[in-house]
Amino acid sequence: MINSTLLKPFVLLFVIALFIGCQEHKMKEIVFPPTDLSLENLIPKPLKIVPTHDAFGLDHTTAIYTSQTDNSFEEVGSFLADKIKSKTNLRLAVNKTDAGQVDRMIFINQSESDELEGPEAYQLYISKDSIILNAKTSEGAFRGVQTLRQLIPETSNDTLAEMPLWPIPTGKILDKPNFEYRGSMLDVARHFFSVNDVKKYIDLLAYYKINVLHLHLTDDQGWRIEIKSWPKLTEVGGSTEVGGEAGGFFTQEEYKDIVAYAQQRYMMIIPEIDMPGHTNAASVSYPILNGNGKTPKLYEGTKVGFSTFDTRKDTVYTFIDDVVREISAITPGPYFHIGGDESHVTKKNDYNFFVNKVEKIVQKYGKQMIGWDEVATADLDSTSIAQFWDSEKNAMEASRKGMRVIISPAKKAYLDMEYDTLSKHGLHWAAYIPVDTAYIWSPESYAGIPKENILGVEAPLWSETISNIDELEYLAFPRVIGYSELSWSTEENRNWENFKVRLANQAPYMERMDVKFYPSKLIDWKESRFTYKSIQKD
Ligand code: ACM
């Protein structure tokens, strides 16, 4: 018996042969004006671009073919087809041998080329008649598909051919990420955000090759993830939010739905249960956990640092074991974030004792621990990770312990900081962060941590001042687009003057996606429906 998976590469060869045959019968040659692939508005900027100054005409006679060694390349092809449909209204066939008239092809191809370094690397060869996207893994192919999506013009060129046609500049792109961890965090605890809001954010982040969404699931104001063995956490602790509105929470099924949605976009979800401080909502639900000596009540304000678990009580660790076990079981990624920040009412010894014990619980469930930079004071394993937000001293200490560090300095990378004094939302305790300040710094050298100890970059979005998706988008966009480039592109490839032109050209995409971005005056927005007047305070 012949193994059908062995045959699949031959199907692809057959299709290529058929295609070359068809080319000979092609009637009309489209003459494109010269293009320049290196001037396209790609974000993040790819590692290498070599333009060849012609164009591939994407139209209804284009078809997509993928490697079929497993389903994952075909799924990436279908993802591309869906995105092309929503942008151009063209419905391209994927892996169909009877696709009708096929003049041009997009091949998404599993390749072992030595030029492809790491799982996320890809090569894109765009010629007049074909686009070949090579990657070692479907993850790399997915990143390359984002580049391709960005190369398709927002509008067709109807003067070049009888039917609408979207010209894509020809040339070669070789690309791979500078950092493996490129993230944003969303605080769903201070204000709750729905599954659909989170999915929209995931879609937008994936377009810019961000591959981590860290969900801050618990804080003083709310507990937002169902824990079956401790049901009051959400019944009581999830009932309110900042400002006193009804809060909300994700059932485990909803969380799994978010995780699966992110996975389809090659994005990892990192759950954070913040402790031993930031735990008022848990202690209101189960007062036995409380260690601050006061009777806990639901909290709808925005102060920090007043709550703590009782770090010397066995029940607390039984509780944490259950929480870590239940969440780890529905989180495929390798990380579990334990928070650990601003535990101002936990004694230093108790804090370190607690972090050490919780690290072991996280490891027991097969995960690597991440904590905000304060955790570096505990006696941690080098496999644990510190997230630098505040203290360079802590970040350096983590690095000395051989731990890797996520770079998220509040002064540069906090998405909840106001742009300037006119900002409608946000805080400014760390800094005002206009769009240029957000971009013009170097995660590679900011805290003096050796590059090999830097896992990547994350831009956290805290939600004290935002309560709906429009407000979320106002703070996140456009700054998070800059953070994607700070984490994907090399330092040599980053340049503010060049970036701000590419950023200006993201307006049509954001408008099509109905993103209520902040139209910063620093950017000469292209085709924006926003006027600068809209940023004035009402
Ligand atoms: C933090 O901003 N408290 C990590």
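Since the model is a prediction, treat every value here as computed from it, not as a measurement.

## Points about the overall build of the chain
What the chain contains, in helices and strands, is 16 helices and 16 strands. The C-alpha atoms of the chain give 25 Å as radius of gyration, which agrees with the globular expectation for 538 residues (24 Å, within 12%). Along the three orthogonal principal directions, the C-alpha set of the chain runs to about 85 × 65 × 45 Å. Looking at the 538 residues of the chain, the share that counts as buried comes to 59%. Sequence separation of at least 24 residues holds for 71% of the intrachain contacts in the chain that already meet a minimum separation of 6.

## So, the side chain of Ser67
Structurally, Ser67 can be placed in the loop between β2 (62-66) and α2 (71-88). At 3.3 Å, the side chain of Ser67 and the side chain of Asn109 are in polar contact. Here the side chain of Ser67 touches Gln110 through a polar contact of 2.8 Å, landing on its backbone nitrogen. Sequence-distant contacts of Ser67, that is, excluding residues within four places in its chain, are made with Phe73, Glu74, Ile108, Asn109 and Gln110.

## Things to note about the packing of α2 against helix α3 (residues 138-151)
In contact at an axis separation of 9 Å, α2 and α3 are set at 15° when each is read in the N-to-C sense. Taken together, α2 and α3 sit at an angle that is classed as roughly parallel. Between α2 and α3 the crossing geometry is right-handed. Residues Ser72, Phe73, Val76, Phe79, Leu80, Lys83 and Lys87 of α2 form the contact with α3, whose own contacting residues are Ser138, Ala141, Phe142, Val145, Gln146, Leu148 and Arg149. Grouping the constituent residues of the contact of α2 with α3 by class yields eight nonpolar, three polar and three charged.

## A word on the pairing of strand β16 (residues 454-461)
Side-chain positions along a regular strand alternate between the two faces of the sheet. Counting buried positions over the eight residues of β16 gives eight, a clear majority of the element. Pairing of strand β7 (residues 181-187) with β16, which is carried by six bridges, proceeds in the parallel orientation. Bridge pairing in β16 links Arg182 to Val457. Note that strand β15 (residues 404-407) and β16 share three bridges and pair parallel. Bridged to Ile406 within β16 is Gly456.

## As for the packing of aromatic side chains
Counted by the stated rule, this structure contains 30 aromatic pairs. Ring centres 6.1 Å apart and planes at 80° place the aromatic pair Tyr208 and Tyr509 in the edge-to-face group. Of this pair, Tyr208 sits in the loop between α4 (195-207) and β8 (212-216) while Tyr509 sits in helix α16 (residues 507-512), and the two are 301 residues apart along the sequence. The class of Tyr509 is buried, set by a relative accessible area of 2%.

## Points about the sheet that holds β7
Taken together, eight strands build a closed barrel; the order of strands is β7-β8-β11-β12-β13-β14-β15-β16 and the barrel is parallel. Taking each pair of neighbouring strands and ignoring which way they run, the sheet shows an average axis angle of 30°. Examined bridge by bridge, β7 and β8 share five bridges and lie parallel to one another. Across the sheet, the residue bridging to Gly183 is Val212, located in β8. Docked against the sheet, α4 engages β7, β8, β11 (268-275) and β16, running at close to 150° with respect to β8. Contacts from helix α14 (residues 479-488) reach β7 and β16, with the element oriented near 150° to β7.

## Focus on the confidence of the model for the chain
On average, residues of the chain carry a pLDDT of 94, and 93% of them reach 70 or more. Within the model, pLDDT remains below 50 along residues 1-11, and this stretch shows three contacts once partners closer than five positions in the same chain are excluded. In this model residues 530-538 is a low-confidence stretch, pLDDT under 50, and it forms 23 contacts with partners more than four residues away in sequence or in other chains.

## Side note on the sheet that holds strand β4 (residues 122-126)
Spatial strand order, β1-β6-β4-β5-β3-β2: six strands in an open sheet with mixed pairing. Two strands lie at the open edges of the sheet, namely β1 (48-58) and β2, each paired on one side alone. Strand after strand, the sheet turns through a mean of 20° between neighbouring axes, direction not considered. Bridging between β4 and strand β5 (residues 130-135) involves five bridges; their strand directions are antiparallel.

## Here's the deal with the pattern of salt bridges
Two side chains bearing opposite charge may form a pair once their charged atoms approach each other closely. Enumeration according to the criterion identifies 33 salt bridges in this entry. With its nearest N and O atoms 3.5 Å apart, the salt bridge here joins Arg190 to Glu464. With a gap of 274 residues between them, Arg190 in the loop between β7 and α4 and Glu464 in the loop between β16 and α13 (469-476) connect regions that are remote in the sequence. Residue classification places Arg190 among the buried positions, given a relative accessible area of 2%. By relative accessible area, which is 14% here, Glu464 ends up buried. With a closest N to O distance of 2.8 Å, Arg325 and Asp322 form a salt bridge. Taken as a pair, Arg325 and Asp322 lie in helix α8 (residues 314-329) at a separation of three residues, close to a single helical turn.

## Some words on the pairing of strand β13 (residues 368-372)
Among the five residues of β13, four are classified as buried, and the element is accordingly described as predominantly covered. Bridge analysis of strand β12 (residues 335-339) against β13 gives three bridges, and the strand direction is parallel. In the sheet register, Phe336 faces β13, and the bridge partner there is Met369. Of the crossover connections in this fold, the one passing from β12 over helix α9 (residues 348-364) to the parallel β13 is right-handed. Pairing between β13 and strand β14 (residues 385-388): three bridges, direction parallel. Note that in β14 the partner of Trp372 across the bridge is Gln387.

## Observations regarding helix α10 (residues 392-400)
The periodicity of an α-helix, 3.6 residues per turn, causes residues three or four positions apart to be oriented the same way. When α10 is considered as a whole, its buried residues turn out to be Asn394, Ala395, Ala398 and Ser399. For α10, the arc enclosing every buried residue in end-on projection is 140°, short of the 170-degree limit, so these residues lie on one face. Residues of α10 that are exposed and angled more than 90 degrees away from the buried face: Lys393 and Arg400. Directly beyond the C-terminal end of α10, a positive phi value near 85° is found at Gly402.

Rules of the game
- Residues numbered from 1 in each chain as written.
- Predicted model: local features only at pLDDT ≥ 70, side-chain atom pairs only at ≥ 80, totals over all residues.
- Heavy atoms only, no water.
- Helix = DSSP H or I, 4+ residues; strand = E, 2+ residues; numbered from the N terminus.
- Rg over C-alpha atoms; globule rule 2.2 N^0.38 Å.
- Buried < 20%, exposed > 50% of the residue type's maximum accessible area, 1.4 Å probe, protein only.
- Contact = heavy atoms within 4.5 Å.
- Polar contact = N/O pair within 3.5 Å; in protein donor to acceptor, adjacent residues only side chain to side chain.
- Axes fitted to C-alpha atoms, helices over the stretch in contact; angles between N-to-C directions.
- Parallel < 35°, antiparallel > 145°, perpendicular 65-115°, else oblique.
- Left-handed = near helix turned anticlockwise from the far one by under 90°.
- Nonpolar A, V, L, I, M, F, W, Y, C, P; charged D, E, K, R; others polar.
- Pairing = 2+ DSSP bridges.
- Phe/Tyr/Trp six-rings, centres within 6.5 Å; stacked < 30°, edge-to-face > 60°.
- pLDDT = per-residue confidence, 0-100.
- Salt bridge = Lys/Arg side-chain N within 4 Å of Asp/Glu carboxyl O.
- Right-handed = clockwise from strand over helix to strand, strands pointing away.
- Arc of directions from axis to C-beta.

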